[in-house]
Amino acid sequence: MLQDGERDMSGPGRETAGDHAFPQTRHSVFERVRSADEALRRLGWEALAQSYWKPVYKLLRMRWKADPELAEDWTQGFFAHALEQGTFERFDPAQARLRTYLRLCLDGFVANQRAFQGRAKRGGAARVLSLDFEAAEGELAASTPPATEDLEAYFQREWMRSLFELALADLRQELEQAGKGQEYLLFARCDLEGAESGRRPSYGELAQEFGITLGQVTSRLHALRAKLRARLLARLRETCADEDEFRAEARAILGGVEP
Amino acid sequence: MNRGFSLGDRTLDHLRALVDAPDVEGTRYELIELVGRGGMGSVWRARDRLLERDVALKVLNLAEPEAAAAADPAQGPRPAEVRGARIVQEAQVLARLEHPGIVPVHDAGVLPDGRAFACMKFVRGKRLDELVSAGLSESERLSIFSRIAESVAFAHSRGVLHLDLKPANIMVGEFGEVLVLDWGLARLEHRPQKGVRAGTLGFMAPEQERAAADLDARADVFALGRVLASLELGGREIAAIVARATRERREERYGSAMELHSDVQAFLSNERVRALREGPAARLARFGRKYRAALWLVGAYALMRVGFELFRLWRESGNS
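In this text the structure is predicted, and so the values were computed from the model without any measurement. (Residues numbered from 1 in each chain as written. Chains lettered and ligands numbered in written order. Predicted model: local features only at pLDDT ≥ 70, side-chain atom pairs only at ≥ 80, totals over all residues. Heavy atoms only, no water.)

**Remarks on the packing of helix α10 (residues 243–254) of chain A against helix α1 (residues 9–20) of chain B**
In step 1: At a minimum axis distance of 9 Å, the contact between α10 of chain A and α1 of chain B shows a crossing angle of 125 degrees. Taken together, α10 of chain A and α1 of chain B sit at an angle that is classed as oblique. Seen from α10 of chain A, the contacting residues are A252, I253 and L254 of chain A; seen from α1 of chain B, they are R16, V19 and D20 of chain B. (Axes fitted to C-alpha atoms, helices over the stretch in contact; angles between N-to-C directions. Helix = DSSP H or I, 4+ residues; strand = E, 2+ residues; numbered from the N terminus. Parallel < 35°, antiparallel > 145°, perpendicular 65-115°, else oblique. Contact = heavy atoms within 4.5 Å.)

**Thoughts on the sheet that holds strand β2 (residues 41–48) of chain B**
All names here are of chain B.
In step 1: If you walk across this open sheet you meet the five strands as β1-β2-β3-β5-β4, and the pairing is antiparallel. With partners counted over all chains shown, the strands left at the sheet margins are β1 (29–37) and β4 (105–110), one partner each. The mean inter-strand angle of the sheet, taken between neighbouring strand axes irrespective of direction, is 25 degrees.
In step 2: In the sheet, strand β3 (residues 53–60) pairs with strand β5 (residues 116–121) via five bridges, with the strands oriented antiparallel. The residue bridging L57 from the neighbouring strand is C119, located in β5.
In step 3: Helix α4 (residues 86–95) rests against β3, β4 and β5 of the sheet, and its axis sits at about 35 degrees to β5. (Pairing = 2+ DSSP bridges.)

**Examining the sheet that holds strand β6 (residues 125–127) of chain B**
All names here are of chain B.
In step 1: The three strands lie next to each other as β6-β8-β9, forming an open sheet whose pairing is antiparallel. Only two strands of the sheet have a single neighbouring strand rather than two, namely β6 and β9 (178–180). Across this sheet, the average inter-strand angle for adjacent strands is 25 degrees, counted without regard to direction.
In step 2: Of the strands in this sheet, β8 (170–173) and β9 are in contact with helix α6 (residues 138–157), which crosses β9 at around 40 degrees.

**Things to note about the pairing of β5 of chain B**
All names here are of chain B.
In step 1: Burial within β5 is extensive, with five of its six residues counted as buried.
In step 2: The pairing of β4 with β5 spans five bridges and is classified as antiparallel. When the bridges of β5 are listed, A108 appears paired with A118.
In step 3: From the end of β4 to the start of β5, which pair antiparallel, there are five residues, and G114 there has a positive phi angle of about 90 degrees. (Buried < 20%, exposed > 50% of the residue type's maximum accessible area, 1.4 Å probe, protein only.)

**Considering the pattern of salt bridges**
Residues and elements named next belong to chain A.
In step 1: Summed over the entire model, instances satisfying the criterion amount to 47 salt bridges over all chains.
In step 2: Between R42 and E46 there is a salt bridge, and its shortest N-O distance comes to 3.5 Å. One end of the pair is R42 and the other is E46, both in helix α2 (residues 38–62) and four residues apart, which spans about a single turn.
In step 3: Judged by its relative accessible area of 26%, R42 is partly exposed.
In step 4: Judged by relative accessible area, which is 3%, E46 ranks as buried.
In step 5: Taking the shortest distance from any N to any O, the salt bridge between R189 and E209 comes out at 2.9 Å. Linking R189 in helix α7 (residues 181–197) with E209 in helix α8 (residues 203–210), this pair joins segments that are 20 residues apart in sequence. (Salt bridge = Lys/Arg side-chain N within 4 Å of Asp/Glu carboxyl O.)

**Some words on helix α8 (residues 217–230) of chain B**
Residues and elements named next belong to chain B.
In step 1: With 14 residues, α8 ought to run about 20 Å at 1.5 Å a step, and its terminal C-alpha atoms sit 20 Å apart, in line with that.
In step 2: Judged by how many residues are buried, α8 sits mostly within the fold: ten of 14 residues are covered.
In step 3: Regarding α8, the residues found buried are A217, A219, D220, V221, F222, A223, L224, G225, V227 and L228.
In step 4: In the core, the buried residues of α8 are packed alongside α5 (128–134), α6, β7 (160–161), α7 (206–209), α9 (236–245) and α10 (257–268).
In step 5: Positive phi appears at E232, one or two residues downstream of α8, with a value of about 55 degrees. (Expected span 1.5 Å × (residues − 1).)

**Details of a nonpolar patch on the surface**
In step 1: A cluster of nonpolar residues, F287, Y291 and L295 of chain B, forms a patch on the protein surface that exposes about 280 Å² of accessible area.
In step 2: Position of L295 of chain B relative to the elements: it lies in helix α12 (residues 292–319). (Patch = residues over 30% accessible without salt bridge, like charges linked within 9 Å, V, L, I, M, F, W, Y side chains within 5 Å. Areas by Shrake-Rupley, 256 points an atom, 1.4 Å probe, with all protein chains shown as cover.)

Such coordinate-based values are descriptive only and should not be taken to indicate function.
Take a look at the structure:
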């Protein structure tokens, strides 16, 4: 249950009424965070929090060795502080990438918290976001801790993971709303569960399992992958300050993976 | 994010590859493997199912503006937006360059995901930089370079500048064929483009680094000079050719790739290299190299003749 002033970050369609996720073109969050309109500014802040809360939480756990409870408080505190202080508004794309800027801000925030014992008491931080820390903790448990010198790359990878998760959630929501939940299950069976287990089912097996023809499996998976691609790029574009950053980030996300 | 939902590392990598891979569904091509990545796109080995042959598919990056604009399936591919894509421009340039030393283009267009592509001959072989480090004889290196310069000269004769010549863009095939690849930055000489700084540092001519609008064949001559230098050849003549090709002021370089090619050919056949001011001793040495076989024959004959005369004198003195 959400409390007053708390924003639910658990689904893409829950941003605000009227802000239908896709396929409409989204504006850059930077247009929003710099807007004179407070409601728009808040929307921009929410979009950034949605993309970055998990990488932030995980970095706090890995780099700052914060225990789960403290990392939760700091994550909430960091985004609350950013909203109050207009941290995102001050970002200058000419100076650095957003990811780098955000990480530096986080370092500063943690240093301050430590210096001033900022966390008044456990559980005392303002909870401005509804975040699934349990899932983030589960991901941490399932992964190998990064080496100290790889923390920048680690932060980037976690951000990438977060972006894909959001794009997948967008895809799922769109399909469910269109009454095509089965199609998402087909995609998940082939490209999520199958990829993770290392044994992707054949199209023939999928056809049998879902009671459709082989041709339907092929065409549906093809269409779903294209949709995922579009959702991912839209999510990415939304969190980039300009076209140059968008292109650089897209290369970083998509480049260098052997098919 | 949805509660309890998370992506493992393997799934994440699978999705990254899935999203990045060109969508060739419904086309005559089937992707086989990723061959390489460049600044604006990736190159894939693919199978042309219609003609049953392997081809190289060069596909624009998803992040390039033309591709990203067209990649939303809700709006569908918009060929008009990708018509100007650089990959298609490259294909158009290549289509006017039919030469055994220039990789031929077979097809170009837009994939179902909205990305522009060009289909080219798949060249099996090694890049020049790989070959050089693998140990290639001096004469082989020079012969390869000569063919590169010839291909570039041909392009210039058709009004096309390559503008990204470097060893990594030269492929030597299994049967010794030498092909100049990656014409992605190529432009027509008579169509200046202002303010575009593109190329590879170390091979870019100074005026190209300054993004001069009026680039001409001498920008490629500079890059060819750097390619020649990278072949690690010894000798004063080669050093002089490199120096002349890579002069800071383009007015002081060879006027064309053909002039450079001619000087290399002159060196190969022990003719006078125009880039080198030759003193009497150097001229004599070159004369010696050029007519080495004949001089050996003359020398051997003279030696034999002297020996014979000495023998004859000895016999005569013995008889008397």
